[in-house]
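Next come the chains, spelled out residue by residue.
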Amino acid sequence: MSQHRRIDPRRPFVITALGRKRYALGQACLSGADAGAAATAPSDAGKPLRLQQPASSCILVAAHTDRGLLPLDAQQAIAAAAILAGPQCAVLLAAFGPLAEDAAPYGADQVIALADATAFQPDAEADVLAELRRQYRPTHIIMADNDIPDGDLGRRLAARQDLSIATHVVELTPDTATAYQKQKSVYARRPLSEVILLDAECVDARLPFAGRGETLDWAPSGNPASRYQDRGVTAVPASHLSLEEADFIVSAGNGVHDLDGFHALAGALGAAVGASRVAVDDGRFTREQQVGATGKTVASSVYIALGISGAVQHLQGIKDCRHVIAVNTDASAPMIKRADLSVIDDAQAIMRALLAEVGTARRQAPESGS
Amino acid sequence: MTQNASHPRIVVPVSTGLHPVSGAPRWSRNDARALGLARSLVSSFADIHVVHAAAARTEALDDYLALGVRHIDVLDVAPGADIVPALADYARGADLIICGMRAEGQEDSGMVPYLLAQRLDMPLLPGALELGMEDGGAGIVQFLPKGRRRRIETRSPCVITAHPMAPLALKYAHANKRQGRLDTVRAGVEPGAASPWTTVPIQARPVRLAAREKRSGHARMLSATTTASRAGTVMDQGSTQEKAVAVLTYLRKHGLIDY
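Given the structure is predicted, the values throughout are model-derived calculations rather than measurements. (Residues numbered from 1 in each chain as written. Chains lettered and ligands numbered in written order. Predicted model: local features only at pLDDT ≥ 70, side-chain atom pairs only at ≥ 80, totals over all residues. Heavy atoms only, no water.)

Draft legend 1. How the structure looks around the overall build of chain B. Within chain B, the secondary structure is distributed over seven helices and 13 strands. Rg of the C-alpha trace for chain B: 25 Å, well past the compact-globule value of 18 Å for 259 residues, more than 25% over. Projected onto its principal axes, the C-alpha positions of chain B cover 75 × 50 × 35 Å. Among the 259 residues that make up chain B, the fraction classed as buried is 47%. Here the contacts in chain B between residues at least 6 apart in sequence split such that 67% fall between residues at least 24 apart. In the form shown here, chain B has an accessible surface area of approximately 13,000 Å², with 52% of it arising from carbon and sulfur atoms. (Helix = DSSP H or I, 4+ residues; strand = E, 2+ residues; numbered from the N terminus. Rg over C-alpha atoms; globule rule 2.2 N^0.38 Å. Buried < 20%, exposed > 50% of the residue type's maximum accessible area, 1.4 Å probe, protein only. Contact = heavy atoms within 4.5 Å. Areas by Shrake-Rupley, 256 points an atom, 1.4 Å probe, with all protein chains shown as cover.)

Draft legend 2. Inspection of the sheet that holds strand S9 (residues 148-155) of chain B at higher detail. The strand order across the open sheet built from ten strands is S13(A)-S9(B)-S8(B)-S7(B)-S10(B)-S6(B)-S1(B)-S4(B)-S5(B)-S11(B), with neighbouring strands paired in mixed fashion. Of all the strands in the sheet, the pair left with one neighbour each is strand S13 (228-235) of chain A together with strand S11 (181-186) of chain B. With direction set aside, neighbouring strand axes in the sheet form an average angle of 30 degrees. Sheet topology note: the strand S1 (residues 10-13) of chain B/strand S6 (residues 96-100) of chain B ladder contains two bridges and is parallel. Note on S6(B): the bridge partner recorded for B:Val11 is B:Ile97. Strands S13 of chain A together with strand S7 (124-134), strand S8 (137-144) and S9 of chain B of the sheet are contacted by helix H4 (residues 147-161) of chain A, whose axis makes an angle of about 90 degrees with S7(B). In this fold helix H3 (residues 83-91) of chain B packs onto S1, strand S4 (48-54), strand S5 (71-76) and S6 of chain B, with an angle of close to 160 degrees to the strand it touches most, S4(B). (Pairing = 2+ DSSP bridges. Axes fitted to C-alpha atoms, helices over the stretch in contact; angles between N-to-C directions.)

Draft legend 3. Highlighting the pattern of salt bridges. Residues and elements named next belong to chain A. The full count for this structure, using the stated rule, is 25 salt bridges over all chains. Between Arg-67 and Asp-247 there is a salt bridge whose closest N-O contact spans 3.1 Å. You can see Arg-67 sitting in the loop between strand S4 (57-64) and helix H2 (72-84) and its partner Asp-247 sitting in the loop between S13 and strand S14 (248-252), a full 180 residues away along the chain. (Salt bridge = Lys/Arg side-chain N within 4 Å of Asp/Glu carboxyl O.)

Draft legend 4. Here's a closer look at the sheet that holds strand S5 (residues 89-96) of chain A. Spatially, the ten strands line up as an open sheet ordered S12(A)-S6(A)-S5(A)-S4(A)-S7(A)-S11(A)-S8(A)-S9(A)-S10(A)-S12(B), and their pairing is mixed. In the strand order of this sheet, the two ends are held by strand S12 (214-215) of chain A together with strand S12 (198-201) of chain B, each with one partner. Across three bridges, strand S8 (residues 165-172) of chain A lies against strand S9 (residues 176-181) of chain A in antiparallel orientation. The residue bridging A:Val169 from the neighbouring strand is A:Ala179, located in S9(A). On top of the sheet, H2(A) reaches S4, S5, strand S7 (141-144), S8 and strand S11 (195-198) of chain A; it is set at about 150 degrees to S7(A), its chief contact.

Draft legend 5. Looking closely at the interface of chain B and chain A. Listed as interface residues are 85 residues of chain B and, on the opposing side, 92 residues of chain A. Between chain B and chain A, a total of about 7,700 Å² is buried, with carbon and sulfur atoms accounting for 59% of that surface. At the junction of chain B and chain A, the tally comes to six salt bridges. Residues A:Arg227 and B:Asp121 are paired through a salt bridge, measuring 3.6 Å at the closest nitrogen-oxygen approach. Across the chain B-chain A interface, the total number found is 37 residue pairs in polar contact (both at pLDDT 80 or more). Of all the secondary structure elements, the ones that give two or more residues to the side of chain B that touches chain A are helix H4 (112-120), S7, S8, S9, S12, helix H6 (217-225), strand S13 (233-235) and helix H7 (240-253) of chain B. Of all the elements, H7(B) adds the most residues to the side of chain B that touches chain A, at eleven residues. For the side of chain B that touches chain A, the residue count by class is 40 nonpolar, 23 polar and 22 charged. For strand S10 (residues 186-191) of chain A and S12(B), the ladder comprises four bridges, and the chain directions are antiparallel. Residue pairing for S12(B): A:Val186 is matched across the bridge by B:Pro201. (Buried area = accessible area lost by both parts, 1.4 Å probe. Polar contact = N/O pair within 3.5 Å; in protein donor to acceptor, adjacent residues only side chain to side chain. Nonpolar A, V, L, I, M, F, W, Y, C, P; charged D, E, K, R; others polar.)

Draft legend 6. Representation of the packing of H4(A) against H4(B) in the model. Across the interface, H4(A) lies against H4(B) with an axial gap of 9 Å and an inter-helix angle of 45 degrees. When the interaxial angle is binned, H4(A) and H4(B) end up oblique. The handedness of the crossing between H4(A) and H4(B) is right-handed. Contacts from A:Asp152, A:Arg155, A:Arg156, A:Ala159 and A:Arg160 in H4(A) reach B:Tyr114, B:Leu115 and B:Gln118 in H4(B). Looking at side-chain class alone, the contact of H4(A) with H4(B) contains three nonpolar, one polar and four charged residues. (Parallel < 35°, antiparallel > 145°, perpendicular 65-115°, else oblique. Left-handed = near helix turned anticlockwise from the far one by under 90°.)

Draft legend 7. Up close: unusual backbone geometry. Between A:Ile148 and the following residue, A:Pro149, the backbone shows a cis peptide bond with an omega angle of 10 degrees. Within the secondary structure layout, A:Pro149 lies in helix H4. In this structure, the amide linkage connecting B:Ser156 to the following residue, B:Pro157, adopts the cis form with an omega of 5 degrees. Its location among the elements puts B:Pro157 in the loop between S9 and strand S10 (158-162). Positive phi values are uncommon outside glycine, yet B:Asp108 reaches one of about 55 degrees. Mapped onto the elements, B:Asp108 comes out in the loop between S6 and H4. Relative accessible area serves as the criterion here: at 5%, B:Asp108 is assigned to the buried category. Positive phi, close to 60 degrees, is recorded for B:Lys146, a residue that is not glycine. Note on placement: B:Lys146 falls in the loop between S8 and S9.

Draft legend 8. Inspection of H4(A) at higher detail. Residues and elements named next belong to chain A. For H4, built from 15 residues, the straight-helix expectation of 21 Å at 1.5 Å per residue is met to within 8% by its first-to-last C-alpha distance of 20 Å. Most of H4 sits out of view: eleven of its 15 residues are buried. For H4, the full list of buried residues reads Ile-148, Asp-150, Gly-151, Asp-152, Leu-153, Gly-154, Arg-155, Arg-156, Leu-157, Ala-158 and Ala-159. Of the residues flanking the end of H4, it is Asp-162, one or two places downstream, whose phi is positive at about 55 degrees. (Expected span 1.5 Å × (residues − 1).)

Structure (structure tokens):
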């Protein structure tokens, strides 16, 4: 008698666009079902809720929003709290600045939005956190250790409230926090402190569960005067910055032939110039401008990809970009899947139209400087 | 306490660092930037009080002399004791305390400026690229990522931390190193609490904290091999101009352009 497992000849399969049978192990669809039905299976929807029981304790995450969105490091801090939290422990997010997105997919169970906190007032914000701490008694306060604003706020809170703190944490486990000391020559490890400031990339923010995302109606009791005066933020033009630091990037690929028009558009938008590998290899751009696996990894808020199909290596270089806009003649290019807004058209024509529109818009709003 | 804008009392605590590659003891780049910011306010290094708190004096301190400092006060703090009370006693009465953002070879936590400010009840301006003083106040240009800079002000006395990207105008000169001197100052010692940190040698890269997942092998393979679509808007109809307007509308809607 054979020990081999028998293969079911009528096992589930799908019919692809080419009319071929495709067997996919583990896929639970009827044999002979349409390929489209399997392809559109939602990947994100239907994640189970992490917190199934009423919460008896909480972990507080404090983060500053950026244009209404939670930055990557804030998402990682929330994910860290959600992973560390026990079955009866809620993740409480205190978001400073306007919050326009849902924090539940990142793992937050309760959200307190402090939309007014936009100016530099770290002493007032530390007071808010101290009040939250007295009221909700979080076991830990987790924040991202970007220098300003979150790392600054966490250190102020710890110094003022005399809390134990672990900064620049590179490895977090349910019991310990590890950071580098002595110029990264040794690890220093301690039991989890009350305030935990996480270095970048210390946490994998992809979660198999979701938070509840309930909005709590909470406002600080007092409105203490800040000891700081904020005289406003100025921005260095993106064209003067290196690609890694730029916040607005216009990038060209093989679909861009009109280089003068392209540079005119980048100048009009005040954007830094990037390029795909093909365009760089062709000599149209310098090697410093290459974005992707062999070039630079960028993390801008806006990335406009003109005539770039989006090879895996290129997508790897823009994985941290917040808003990707693709212009391409091919609607099935991988870049279109990655982009938040895709325009199917010739890059040259769009560049000309966009340049004209930007010029008109700038003339109509001349007072807004920049 | 003197509140004189032309002759402010400036204290710069410096620490010894380690070379990022060789690990040899040397000056800390962050503290050198703090020195540079202090130097931009006064006409000579004679007006800056440079202080170091440590159990044993090290050769690396001489590097600050080479950067132009005339003399350094070395606070005699017992090994294992907390340096913050000694530094705070030294800096009491200062108009400005300028620190680096983070040590480079000590605990490297970046907490000392905050503990100093808390102990002396001073405001703290973090991440300075440029520093200015007016009567009764100090203002900095603060570094923010993505090419943004912010001007903030507070009243003095205050603590300032210099950002690692601040320009370093000081030049290293061996002649200066020979001319400067170190003075040992007795410090009132408060025994520090036992440190909760234990150091361990680095044997592996840090492990990222990740949620345990219970997906099937097939599901994991799928997520690794396919690019998940962002479900972004695709515009393939309409004239070129309409598409360009759609791009600008998208940028405006998300607050990415201000025109």
